[in-house]
Amino acid sequence: MKISTRLAIVASTCVLVALAIAVSLGLSGRQVAEGVRKNRAAADLVESVAGLRHLTQEYARQPEARVEVQWHSAYRTLGAALDRAQGFDARDEAEGITQIRAAYDQSPAVFSELVRAQRARLAGDGDRQVLDEWVGRLTAAMARKTLLMMSEAFRLQDLSREEVAAAQRRAFAIVLALSATLAVVVAGSMVLVFRDIARPLARLREGMLRVGAGDLEHAVGGTGSDEIAELAREFDGMSALLRTTTVSRDRLAESEARTRLILDAALDAVVGIDGDGVVTHWNPQAEAVFGWSADEATGQPLADLVVPERFREAHRAGLRRYLDTGVATVLDRRVELRAVRRDGVEFPIELAITAIRANGVVSFNAFLRDITSRKLGEARLKEQLARLNLLNQITRAVGERQDLHSIFQAVIRGLEDDAPVDFSCVCLRDAASDTLRVTGVGVKSAPLALALALSEQADLSIDGDGLSQCLAGRLVYEPDVTQVPFPFPQRLARGGLRSLVIAPLQSENRVFGILVAARREPQAFSSSDCEFLQQLSEHVSLASHQAQLYGALQQAYEDLRQTQQAILQQERLRALGQMASGIAHDINNAISPAMLYTESLLEREPGLSPTARRALENIARAIDDVAATVARMREFYRQRETGLALTQVRLNELVRQVVELTRARWSDMPLQRGTVIRLRTELAADDPVVLGTDNELREALINLVFNAVDAMPDGGTLTIRTGRRPEGPGESGPSVLLEVADDGLGMDEATRRRCLEPFFTTKGERGTGLGLAMVYGIAQRHGADLEVRSAPEQGTSVSLRFAAPMPDEGVAAPRADPDEKPPPLRILLVDDDPLLLRSLQETLEADGHAVTVAHAGRAGIEAFEAAFHAGRRMALGDAGDADGTGDSGDAGDAGDAGDAGPPGRGFQVVVTDLGMPHVDGRQVAAAVKALSPQTPVILLTGWGQRLVDEGEKPRHVDQVLGKPPKLREIRAALARLVPARKGEHA
């Protein structure tokens, strides 16, 4: 069998194995391609999300329409990238895509809210600080969503890379197995053909060597029909031919010249040396690299030309070792070494050396490549990676801090340890004085800062060059500060610093500080260093702004808490006032008859005994106090009305009245329980006067006395004192003091803080929690300061401090004579309370008035209409009698309120209640004014004072009187609204 046949069988087997390898590689390649496609899709997602994140941050800094449009474009690009991201079918991949899609779908809403907030902030709509905080929060929300999308995209990249790696590992395993199979097949085939190939080849080799040595008479001789035998026969024929022909020397020279041209045109330096290390060949590229010409280099030891001096001996020793032992360390492989040029400058090279043995002579060919550019690129790349790592470390350290000082210290420490710099500090701008204040200095920079007077809290004036340029938002680099004639650079130069970089710290287009970095060598900062410091300053600015927002938010929360505490008391008092307002009407209605009858008796019964008169006066005073109390209950939450009439009240007289009114409480009732309470008064000799209302002050003092008595269940001393106090620090003038003190149980601090709250009591079911709250409301309305001092088992002291009035301030004007009565009038009374109607009717009739009563609003309107029309008919009849025609005269004059005459001629005044079922007082007044606009309407209601205070007097009402009504107020209103006319009679 021919060798070719045998080799064909082996080749077929190898082809099959190779085909299997190819198939497996193809399948693996598809998997790798799919993984690469997924990786590229994930990379597109990362790039799109990064763009979206950058545009979001840019819009937060500069809310321009251009950025908004770019953001939406980036959002659509991200959506397209998501649509292209197909094939992520694995569970982890599908979850990642789902999370990215969810964050993608939520992003427009957040960004739209950010756009609205930015527009509102630019338009000045709303609180600037709140809008800034809201913009910061929305920006942070967008940052979290984009960070989530980037994290998931990076995870998809990792998963795709793992898929590629797995496919490559499977392919490697398959190829390894099939290659082993192929090796086994080849080895077996070689063993089978060794006997028929190796031996004949050995004879053929021997013949070739002998012929090559010049023995052209030698014949190999070949038998058999295989290829080797045929080759041997052909070789013998060639030898015979050689014997008759010779090789042309010109062809050899041509071949050698062609080889030399190839070597000369090589891009690498090609150097040939002999066994002694002497240069035998030096191509043009070697001339360009090392600076030696071929003539100068040829014949010179290579070590003296290109090997640095410190390595020459090692080079020679290695050459000798190889020639002696054949052991080499740099042959037949690429190594990186240092070489030297003609000018003595060292540079890195890549070297490959091959040894050539010919006729027992050893020579070497060296291929050298200058890799200076590559090394510089690698160094720059490592430097950039180091800076990015440092920036990442500093950013992480800054992100873990919330206060400015620790943020600055983290930044400075990172610069000092890893940049490194010889001096670094952070200065913040004081807008008020237009100076810079050193806020942070590094630990390593502290000694130098102390020597340069740049320690923390030191102030720097802003010079006209570097600092001012930096505060304008530009990074400043001074390669040699000794050449800069400004104070700050010169100060650094005195400390031995030469190069300087100042980076601005700015937020929202406002520079609020600077970051300073300096080194002792001149020109020590490269462009990449400046770029790094610029990026670092941006990160520090953002972190500082966030820290300031955090601090402002904390302060806002604290201010809000204090404000809530401050208004909590007012809200509780408001609740009490609003609740009391609902029952004021009923109480006022109930006490109105008592007030009317009491005043009527005091005025019309001159024969009353002194005891009866005093009793009636006390009843009238008590009714006044009840009415005032009910009115004040809804006024707890209000400041004192500017229109409140205040008169001079003598505190000593007020104290004596209260002592007598409360005697049963502090003297008689304790004695019944077997305890004694001693009351002591310490009254100022000059009888101090305050501006106020006597009934309110009397009620406040009564409440304080009652509280003091309740605080002494086992007896004790109750002290009431008055006095004057001169003007003190922070006070606007002298003051008057009214104080009630006891030596009873006292209060702890928690109870003392809450004692003024409505409904707060420590008396259990016996207490209402309204006493001190009412005192507090009275103090507010009188502009007085209330102070409570107390301690457990030490008693309690409550003091009211009033502003001292001027001598003529609050002097009551002389009252009009209460006996001045209006002329008799025809009056219509409308009310749904029979008792009040009867008492008011009897009182007015006693003054000589003709009074008609109506028990409801509808009945009042009907009574007024009937009287009005009757008066009209009567007026028309009188006019007809006068002129004989009976059909002339002004019908409108029939209901004139000033017209005197019998009751049938219409009412001159209508007095109506406000709150009545079905038809209220407003409707009654409207009906009266519709018929007779000149007829006065008086609204008598339990809500009277509130309607006046709040400006809610009904449109058709001429005057509002509160309940309980007072006789002199009714008379004054009638006299004002219906003035007397000549010729009127009862």
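Given the structure is predicted, the values throughout are model-derived calculations rather than measurements.

## Things to note about the overall build of the chain
The secondary structure content of the chain amounts to 27 helices and 23 strands. Expressed as a percentage of the 986 residues in the chain, the buried residues total 42%. Across the chain, every contact between residues at least 6 apart in sequence was considered, and the portion connecting residues at least 24 apart equals 65%. When the accessible surface of the chain is totalled, it reaches about 52,100 Å², and 55% of it is carbon and sulfur.

## Looking at the packing of helix H2 (residues 65-84) against helix H3 (residues 91-123)
Relative orientation of the contacting elements H2 and H3 amounts to 175°, with a least axis distance of 11 Å. Between H2 and H3, the crossing angle belongs to the class labelled roughly antiparallel. Mapping the contact onto sequence places Glu68, Trp71, His72, Tyr75, Leu78, Gly79, Leu82 and Asp83 in H2 and Ile100, Arg101, Tyr104, Asp105, Ser107, Pro108, Phe111, Val115 and Arg119 in H3.

## Examining the confidence of the model for the chain
The predicted model of the chain has a mean per-residue pLDDT of 80, with 84% of residues at 70 or higher. The secondary structure element of the chain with the lowest average pLDDT is helix H26 (residues 944-949), at 59, and the one with the highest is strand S21 (residues 909-912), at 93. Considering only residues more than four positions removed or in separate chains, one finds that residues 812-818, a stretch of pLDDT under 50, has 3 contacts. Confidence drops under pLDDT 50 across residues 980-986; counting only partners more than four residues distant or on other chains, this segment forms 10 contacts.

## So, the sheet that holds strand S1 (residues 269-274)
Taken in spatial order, the 5 strands line up as S2-S1-S5-S4-S3 in an open sheet, and their pairing is antiparallel. Two strands close off the open sheet at either side, each with one partner strand: strand S2 (279-282) and strand S3 (334-340). Each strand axis lies, on average, 30° off the axis of its neighbour in the sheet, ignoring direction. Bridge count between strand S4 (residues 346-358) and strand S5 (residues 361-370): 10 bridges; the pairing is antiparallel. Of the residues in S5, the one forming a bridge with Ala355 is Phe364.

## Concerning unusual backbone geometry
Its identity as a non-glycine residue notwithstanding, Asp332 has a phi of 60°, on the positive side. Relative to the assigned elements, Asp332 resides in the loop between helix H10 (309-325) and S3. The class of Asp332 is exposed, set by a relative accessible area of 63%. Unusually for a residue other than glycine, Glu793 sits at a positive phi of about 65°. With respect to the element layout, Glu793 can be found in the loop between strand S17 (785-791) and strand S18 (795-803). Note on Glu793: relative accessible area 61%, which makes it exposed.

## Thoughts on empty space enclosed by the protein
In total, this model carries 3 cavities of 30 Å³ or more according to the counting rule given. Reported here for the largest cavity is a volume of approximately 70 Å³. Of all the secondary structure elements, the ones that give two or more residues to the lining of the largest cavity are helix H23 (834-846), strand S22 (937-941) and helix H27 (967-977). No other element matches H27, which puts 3 residues into the lining of the largest cavity. Estimated volume of the second largest cavity: approximately 50 Å³. Lining the second largest cavity, in full, are Leu829, Val830, Asp831, Leu836, Leu837, Leu840, Val911, Thr912, Asp913 and Leu940. Here the lining of the second largest cavity takes 3 residues from H23, the largest share from any one element. The class makeup of the residues in the lining of the second largest cavity is 7 nonpolar, 1 polar and 2 charged.

About the criteria used
- Residues numbered from 1 in each chain as written.
- Predicted model: local features only at pLDDT ≥ 70, side-chain atom pairs only at ≥ 80, totals over all residues.
- Heavy atoms only, no water.
- Helix = DSSP H or I, 4+ residues; strand = E, 2+ residues; numbered from the N terminus.
- Buried < 20%, exposed > 50% of the residue type's maximum accessible area, 1.4 Å probe, protein only.
- Contact = heavy atoms within 4.5 Å.
- Areas by Shrake-Rupley, 256 points an atom, 1.4 Å probe, with all protein chains shown as cover.
- Axes fitted to C-alpha atoms, helices over the stretch in contact; angles between N-to-C directions.
- Parallel < 35°, antiparallel > 145°, perpendicular 65-115°, else oblique.
- pLDDT = per-residue confidence, 0-100.
- Pairing = 2+ DSSP bridges.
- 1 Å grid on protein atoms, 1.4 Å probe; cavity = no way out; pocket = protein on both sides within 12 Å on 5 of 7 lines; lining within 4 Å.
- Points joined across faces, edges and corners; volume = space filled by probe spheres on them.
- Nonpolar A, V, L, I, M, F, W, Y, C, P; charged D, E, K, R; others polar.

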